[in-house]
Amino acid sequence: MIAVQVFPMMTMARLLRDERGLALPMALLCLLTLTGLVLAFLTVSAFEPQISANHAQSTQARFAAEAGVEWGFDYLIANNNWNNVLTGATANGKDITPAQPWVGATATSGTFTVSVRNDTRASDTQITGVAADTGTATSDTNNILILTATGTFGNATRTVTVAVKKAVLPTINAALALPGVQADVNFSGSSFNIYGTDWNMDGSAGSAQPVFGISVAGGNTVNQTTVQNALANNQQNDVVGISPSSPPPPATPVLANGDAAVVNDYTLTSQQVTDFVNAIKSQADVTIDVSNGSMASYSDVGSSCSSNINSNTCFGTTSHPKIVYVKGDLTNTLGQFTGLDISGNSTGTGILIVEGTNASISGDFTWNGPIIVTGSNVGLQYRGGGNGGIFGAILVNELAQENGVQFESDIRGNGNIRYSRQALDLVQNTMGRKFYQVYSWREQ
Amino acid sequence: MSDRGYTLAELLVALAVAGIVMSGLLSMLMAGQQSYLVGTNQIEAQQNLRIAIGRMIQEIRLAGEDPTKVNFDAITNQTATGLTIQNDWNANGAIQNAGTVGVTLNDGVTVVQRGEQVIYSLNGTTLMRQETGVDNAAQSVADGIQSLTFTYFKADGVTPAAVAADVRQVVIDIIAQPVHQPSTSAAGAVHIKMTDKVRLRNRGA
């Protein structure tokens, strides 16, 4: 049964005129409008925190990947036998670390993994810049590896791929090595000494296997004869080195002197010297730009080391060896100029590289490590004085065949060139990080 | 009960009360509207800016890939509002200023076509990017760029790089606004500024 309520006419009219309660609907209407605006705003802005979070996470992941690159770089320096590193690797490489945070951080800051592989793929040329390694996945033959570091943070992952290249100090086969295309030399007086026997840096005898006194490029008998002809009779005893006919270790080495200590030998090549210089010159501690007419002259090099080891006139100490790179701008293969002049009481330790210009060294000069002079129309004039000398070796790598006689080496006074395994090992072992290079940085 | 209606005084009081309530509501509404406009415009400008600076940073960071060590300039044509990024992707020792080269990714399989030059420039308020070979003309990356300033430094990050060969770090200052920028801040006008310093990873900086 339906009940019908009937309002009297008077009551209905009163209800229609009654405006009480209008504020509530109006307030609700406004509230609704504002709520709509807020909702619209939130809809648009809700993505913003997510975008920001994604951005922050990917940035943090990249930081983790970069930390992984540094970790992998250190690992490859510490484990410099890369074939051991590659043991068990496939063509896609092998992981060399489980996921881990960077030093001093926890996993909440992100983690990285690092893998390494040999550059055997044909496409690796694009990364390394050289032909693919002809070795295998487990056998490195070109001293280049591909390192991949993957950083993870939250939901983000970033990958950085780099090539790591190792420079290897060429096997030095003589106290004075002339592996280039020419070996014009001049010897003046009979007070100089070129010893292929091993010396310690303090001047005492070393115990390492001797090397030749003077070497030229393998098979180049013309250059060999040129050097031998430059040695006068009264200078024969000034050059000493292992005899080419000496029995191999552990037999006692047989020494030779004079012309017999001048050998053409394939052990050290011009290309090896060029490659080594190209690999490490960018790592130089001191770079000196010179040009024809703008020679760099130094006196008493090394005197600043005690007060400021980072000084550009400090060419390294035994506790802090340096790479010193003198860069000439010789482009005219018919000319030559002296771009570096060192005099006075000078000392230095490390690798002295002179490229594209001549160098002149005089005074009481002591150097521990190799001195490398390379380029077109280059040469080294060494006029020794005092009790100093070169402990290590001198490498003069002439790349141009000029017609006139432009000396690759001019040895005068009482200059001492002494092969020193100790000095060469010091350079190789204490400058390790400089011999390694990360390049071709790519991100994915 | 009387049916004579409202008196004038009652009407005025009612209107006054209603006016006060409405003006309060109106100011709330306007504040909400302004917040909405500022917020949405800020987001628009911020997203534009993030896209622009994010892409530039990544490409500048990797500039100068030079596997064969010919030592070309990683950044060239460097001005306050534009630059050209160079990479020798195919390791042939030269930068191709036309066409693309196939770049094999780390999986050894995937090949992507890349241009060896990427040019960033500012055209009015539009950031433009052109990758040689990939783009026939400069493409818009982000609109509403009010100002863009590149500053170039040597490896120490302090000494200005006077020539392209010295560039090892790049500082990017960029200010953006919504494409349809209102005339007043009350109407939602906003400016967003971002600054970043990028170190060229492939140049040992």
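Source: prediction; values computed, not measured.

Calculation rules
Residues numbered from 1 in each chain as written. Chains lettered and ligands numbered in written order. Predicted model: local features only at pLDDT ≥ 70, side-chain atom pairs only at ≥ 80, totals over all residues. Heavy atoms only, no water. Pairing = 2+ DSSP bridges. Helix = DSSP H or I, 4+ residues; strand = E, 2+ residues; numbered from the N terminus. Axes fitted to C-alpha atoms, helices over the stretch in contact; angles between N-to-C directions. Contact = heavy atoms within 4.5 Å. Disulfide = S-S within 2.5 Å. Buried < 20%, exposed > 50% of the residue type's maximum accessible area, 1.4 Å probe, protein only. Buried area = accessible area lost by both parts, 1.4 Å probe. Salt bridge = Lys/Arg side-chain N within 4 Å of Asp/Glu carboxyl O. Polar contact = N/O pair within 3.5 Å; in protein donor to acceptor, adjacent residues only side chain to side chain. Nonpolar A, V, L, I, M, F, W, Y, C, P; charged D, E, K, R; others polar. pLDDT = per-residue confidence, 0-100.

Caption draft 1: Inspection of the sheet that holds strand β9 (residues 169-176) of chain B at higher detail. All names here are of chain B. Ordered in space as β8-β9-β10, the three strands form an open sheet in which the pairing is antiparallel. Where the open sheet ends on each side, the last strands, each with one partner, are β8 (145-153) and β10 (192-199). Across the sheet, the mean angle separating the axes of adjacent strands is 10 degrees when strand polarity is ignored. Two strands pair when backbone bridges link them, and β9 and β10 are joined in this way by eight bridges, in the antiparallel orientation. Counted as the bridge partner of V171 is K197 from β10. Taken strand by strand, helix α1 (residues 8-61) contacts β8, β9 and β10, and its axis lies near 10 degrees from that of β10.

Caption draft 2: The state of the cysteines, seen in detail. All names here are of chain A. One pass over the structure, following the stated rule, counts one disulfide over all chains. Between the sulfur atoms of C305 and its disulfide mate C314 the distance is 2.0 Å. Disulfide C305 to C314: torsion about the S-S bond roughly 105 degrees, handedness right-handed. As far as burial versus exposure is concerned, C305 and C314 are alike and both buried.

Caption draft 3: Structural context of the interface of chain B and chain A. Contacts between chain B and chain A engage 36 residues on the former and 38 residues on the latter. Summed over both partners, the interface of chain B with chain A comes to about 3100 Å²; 54% of that surface belongs to carbon and sulfur atoms. Seen at the junction of chain B and chain A, the total is three salt bridges. Note that E443 of chain A is salt-bridged to R61 of chain B, the shortest N-O span being 2.8 Å. Across the chain B-chain A interface, the total number found is 11 residue pairs in polar contact (both at pLDDT 80 or more). Of all the secondary structure elements, the ones that give two or more residues to the side of chain B that touches chain A are α1 and β3 (101-104) of chain B. In terms of residue class, the side of chain B that touches chain A is made up of 14 nonpolar, 14 polar and eight charged.

Caption draft 4: Summary view of the confidence of the model for chain B. Residues and elements named next belong to chain B. A residue-level look at chain B finds 98% of positions with pLDDT of 70 or above and a mean pLDDT of 89. Looking at the elements of chain B, mean pLDDT is at its lowest for α1, recorded as 85, and at its highest for strand β2 (residues 83-86), recorded as 97. Interface confidence in the predicted complex, given as ipTM, is 0.78; pTM for the same model is 0.73.

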